[in-house]
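Residues per chain, in single letters:
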Amino acid sequence: MSRIRKQPQRMCVGCREMKNKRELVRIVRSPQGDIDLDTTGKKPGRGAYICPEPECLKQAIKGKRLQKALEQNIPDGVLEKLREQINQDKTGQ
């Protein structure tokens, strides 16, 4: 008899909704202070999750929620990578 595994839930910093961890994009601040996208979900460091929706990203940036969650300013290059990832996820579906 197989067991049904519970899916870990995380809150999107943009829309503030709880969703399955695998549905969200993770941004991580490494112990060295570098900020990057975590496509595997296993990089060490402080993480923040966001829905793959342009509106959620816009809300997270406007309200400085992403900066607060990672406790550091987000470089423009990382924000651009995040926009590209979300647009790629949106068109890839």
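Each remark here, short or long, concerns the structure printed above.
Quantities reported herein were computed from a predicted structural model and do not represent experimental measurements.

**What to know about helix α1 (residues 54-62)**
The complete set of buried residues in α1 reads Cys 56, Leu 57 and Ala 60. Buried residues along α1 cover an arc of 100° about the axis, so they all sit on one side. The exposed residues of α1 that point more than 90 degrees off its buried face are Lys 58 and Lys 62. Backbone geometry just after α1 places Lys 64 at a positive phi near 55°.

**Things to note about the pattern of salt bridges**
Under the definition given, this model contains seven salt bridges. Put simply, Glu 71 and Arg 29 hold a salt bridge, and the shortest N to O gap is 3.6 Å. Of this pair, Glu 71 sits in the loop between α2 (65-70) and α3 (76-92) while Arg 29 sits in strand β3 (residues 25-29), placing them 42 residues apart in sequence. Ionic pairing is found between Arg 83 and Glu 80, a salt bridge with its closest N-O pair at 3.7 Å.

**Overview of unusual backbone geometry**
Unusually for a residue other than glycine, Arg 16 sits at a positive phi of about 65°. The phi dihedral of Lys 64 falls on the positive side, at around 55°, and the residue is not glycine. Note on placement: Lys 64 falls in the loop between α1 and α2. The exposure class assigned to Lys 64 is exposed, which follows from its relative accessible area of 52%.

**Quick word on the nonpolar core**
Judged by nonpolar contacts, the single largest core of 22 residues is most densely connected at Val 13, Ile 27, Ile 50, Leu 66, Ile 74 and Leu 82. Among the secondary structure elements, those contributing two or more residues to this core are β3, β4 (35-38), β5 (46-50), α1, α2 and α3. For Leu 82, the contacting residues outside a window of four places in its chain are Val 25, Ile 27, Leu 37, Ile 50, Leu 57 and Leu 66.

**Examining the sheet that holds β5**
Spatially, three strands are ordered β4-β3-β5 in an open sheet, and the strand pairing comes out antiparallel. The open sheet has two edge strands with one neighbour each: β4 and β5. Averaged over all pairs of adjacent strands, the angle between strand axes in this sheet comes to 30°, irrespective of strand direction. Strand direction decides the pairing type here: β3 and β4, joined by four bridges, are antiparallel. Residue pairing for β4: Arg 26 is matched across the bridge by Asp 38.

**Considerations on the pairing of β3**
The buried count for β3 comes to five of five residues, which makes it a mostly enclosed element. Covered by surrounding structure in β3 are Val 25, Ile 27 and Arg 29 together with Arg 26 and Val 28, the residues of both alternating faces. With five bridges connecting them, β3 and β5 associate as antiparallel partners. The residue of β5 that forms the bridge with Ile 27 is Ala 48.

Conventions and cut-offs
Residues numbered from 1 in each chain as written. Predicted model: local features only at pLDDT ≥ 70, side-chain atom pairs only at ≥ 80, totals over all residues. Heavy atoms only, no water. Buried < 20%, exposed > 50% of the residue type's maximum accessible area, 1.4 Å probe, protein only. Helix = DSSP H or I, 4+ residues; strand = E, 2+ residues; numbered from the N terminus. Arc of directions from axis to C-beta. Salt bridge = Lys/Arg side-chain N within 4 Å of Asp/Glu carboxyl O. Core = buried A, V, L, I, M, F, W, Y, C linked by side-chain atoms within 4.5 Å. Contact = heavy atoms within 4.5 Å. Pairing = 2+ DSSP bridges. Axes fitted to C-alpha atoms, helices over the stretch in contact; angles between N-to-C directions.

Keep in mind these numbers describe shape, not what the thing actually does.
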